[in-house]
Amino acid sequence: MTEIPHRQLTHDPNRLRDIAHVGPIELFTPVLEETRDFFVDLMALTEVDRDGDSVYLHAWDDYQGYTIRLVQREQAGIGCTFLRAASPAALEREVADIEASGFGRGWVDDVRGLGRTYLFDDPDGHPMGIYWDVEKYVPMDDAPSLKNQAAKFPGRGANVRRLDHVNYLTREVPAVSDFLRDTLGARCTERIVTDEGADAAIWFSVGQKSYDLVYTKDWTGANGRLHHIAFATDTREDILRACDVFLDAGVHIETGPHKHAIQQTFFLYVWEPGGNRIELCNAGARLILDPDWQTVNWTSAERAKGQAWGLKTIESFHTHGTPVIEGV
Ligand SMILES: [Fe+2]
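Residues numbered from 1 in each chain as written. Predicted model: local features only at pLDDT ≥ 70, side-chain atom pairs only at ≥ 80, totals over all residues.

(A) Summary view of the overall build of the protein chain. From N to C terminus, the protein chain includes 6 helices and 17 strands. The C-alpha radius of gyration of the protein chain comes to 19 Å, within 12% of the 20 Å expected for a compact globule of 328 residues. Based on the C-alpha atoms only, the size of the protein chain along its principal axes is roughly 55 × 45 × 45 Å. (Helix = DSSP H or I, 4+ residues; strand = E, 2+ residues; numbered from the N terminus. Rg over C-alpha atoms; globule rule 2.2 N^0.38 Å.)

Okay, here's the thing in structure tokens:
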């Protein structure tokens with residue numbers, strides 16, 4: 001592998017596992033009901049609640065009460081990302097470090113389905129929260145036959161199993177990278193580095209999944225934007241079937257199906273009616289079991305080869321983000 005004169009991103013193995021996973025998350029849309037129908041009819045989530053300006057949706061194997069809260073807003077984009085701490089003690093450790101970082105905003109106790117939640121921003125201004133107590137999913141007319149599953153298999157559309165990861169856009173990648181590693185205790189499993197050795201994109205993992213939080217440099221120079229959110233399917237074949245589902249439904253298929261070179265995930269990208277990019281992903285059985293994993297660095301030249309099997313990355317993948325910035 002090409003040696004690049006970059007700073008090291010070695011994580012502290014003693015801090016691993018303080019965050020259990022990502023979710024639930026909030027997603028903004030200017031067309032709430034159309035976005036709701038996309039997720040329910042085509043992605044196979046279930047509507048579990050709604051209030052004045054939002055709809056709560058649940059993916060069938062999410063143990064928590066809801067997976068995503070859709071919120072009516074003038075512009076599409078990402079709202080708050082909630083992270084579940086791995087234990088009450090881990091929550092206190094995380095909050096202490098977040099407060100010390102200066103990015104903390106304080107405790108709240110009014111987030112639906114979550115207990116006491118500490119709110120903060122990442123260095124690019126994306127709102128986040130961390131919590132321990134949570135309401136578990138209680139099935140109503142979707143009770144599964146097997147008690148080790150949250151809800152019954154929907155048998156509808158793409159049948160996504162769960163939320164997988166969030167890919168944010170950020171004005172400055174290194175500041176976010178430092179925050180994820182030094183404050184949240186996550187580890188960078190893979191990244192793209194420029195010819196000058198600067199971080200251009202980072203894939204961070206909080207557990208043994210290969211990645212959970214991804215940041216890509218925002219070419220517009222804006223902050224707080226979203227590149228995409230991703231949902232996991234059981235198999236690659238589910239994603240091929242989803243292509244046909246989206247095709248017949250008139251959903252914009254942006255790119256794929258194909259396999260990423262970075263992280264090797266089988267993928268499909270579509271745009272939901274509100275304009276947010278949604279990924280369906282399948283990582284196969286890939287996990288990062290090595291507690292001393294060293295970050296894999298990808299160069300610009302390697303990146304230029306395209307995806308794993310040669311598909312060139314489509315132009316809109318580099319330019320489209322939400323909220324959309326007019327005139328750039
Ligand atoms: Fe992704």
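After that view of the structure, there is still more to cover.
(B) Structural view of the sheet that holds strand β9 (residues 162-170). What the 9 strands build is an open sheet, ordered β14-β15-β16-β13-β9-β12-β11-β10-β17; its pairing is mixed. The sheet is open, and its two edges are formed by β14 (252-259) and β17 (296-298), each paired on a single side. Each strand of the sheet is rotated relative to its neighbour by a mean of 20°, with strand direction disregarded. Both strand β11 (residues 199-205) and strand β12 (residues 213-217) contribute to a ladder of 4 bridges, which runs antiparallel. Its bridge partner lying in β12, I202 is registered against Y215. Strands in contact with helix α3 (residues 173-183) are β9, β10 (187-193), β11 and β12; relative to β11, the strand with the most contacts, it is inclined by about 20°. (Pairing = 2+ DSSP bridges. Axes fitted to C-alpha atoms, helices over the stretch in contact; angles between N-to-C directions. Contact = placed C-beta atoms within 7 Å.)

(C) Structural context of unusual backbone geometry. Cis geometry marks the peptide bond from G23 to P24; its omega dihedral reads 5°. Turning to its location among the elements, P24 is positioned in strand β1 (residues 19-29). Between G256 and P257 the backbone carries a cis peptide bond, its omega angle lying at 5°. Position of P257 among the secondary structure elements: in strand β14. Positive phi outside glycine occurs at A44, with the angle close to 80°.

(D) Geometry of the environment of L289. Assignment of secondary structure puts L289 in the loop between β16 (277-282) and β17. Put simply, L289 and K209 are 80 residues apart on the chain and 8.7 Å apart in space, counted from C-alpha to C-alpha.

(E) Quick look at the sheet that holds strand β7 (residues 117-121). Reading across the sheet, the 8 strands line up as β2-β3-β4-β1-β5-β8-β7-β6 and stay open at both edges, with mixed pairing between neighbours. With one partner strand each, in any of the chains shown, β2 (46-51) and β6 (104-108) form the two edges of the open sheet. Averaged over all pairs of adjacent strands, the angle between strand axes in this sheet comes to 25°, irrespective of strand direction. Pairing geometry for strand β3 (residues 54-58) and strand β4 (residues 68-72), over 4 bridges, is antiparallel.

(F) Broad picture of helix α2 (residues 88-101). Over its 14 residues, α2 runs 20 Å from end to end, which matches the ideal 20 Å to within 8%, given 1.5 Å per residue. Of the positions making up α2, those classed as buried are L91, E94 and I98. What you see down the axis of α2 is that its buried residues fit within an arc of 70°, all on one side. Of the exposed residues in α2, the ones pointing more than 90 degrees away from its buried face are A89, A96 and A100. Check the buried side of α2 and you find it contacts β1, β5 (77-85), β6, β7, β8 (127-131) and α3. (Expected span 1.5 Å × (residues − 1). Buried ≥ 20, exposed ≤ 12 C-beta atoms within 10 Å, placed from the backbone. Arc of directions from axis to C-beta.)

(G) Examining the pairing of β4 more closely. By the bridge criterion, 5 bridges tie β1 to β4 in an arrangement that is parallel. Each residue of the ladder has a partner; that of I25, found in β4, is I68.

(H) Broad picture of helix α1 (residues 32-42). Restricting attention to buried positions, one finds in α1 the residues T35, R36, F38, F39 and L42. Of the residues flanking the end of α1, it is A44, one or two places downstream, whose phi is positive at about 80°.

(I) Highlighting the environment of A283. If you trace the backbone, A283 turns up in the loop between β16 and β17. It is 6.7 Å that separates the C-alpha atoms of A283 and Q264, two residues lying 19 residues apart in sequence.

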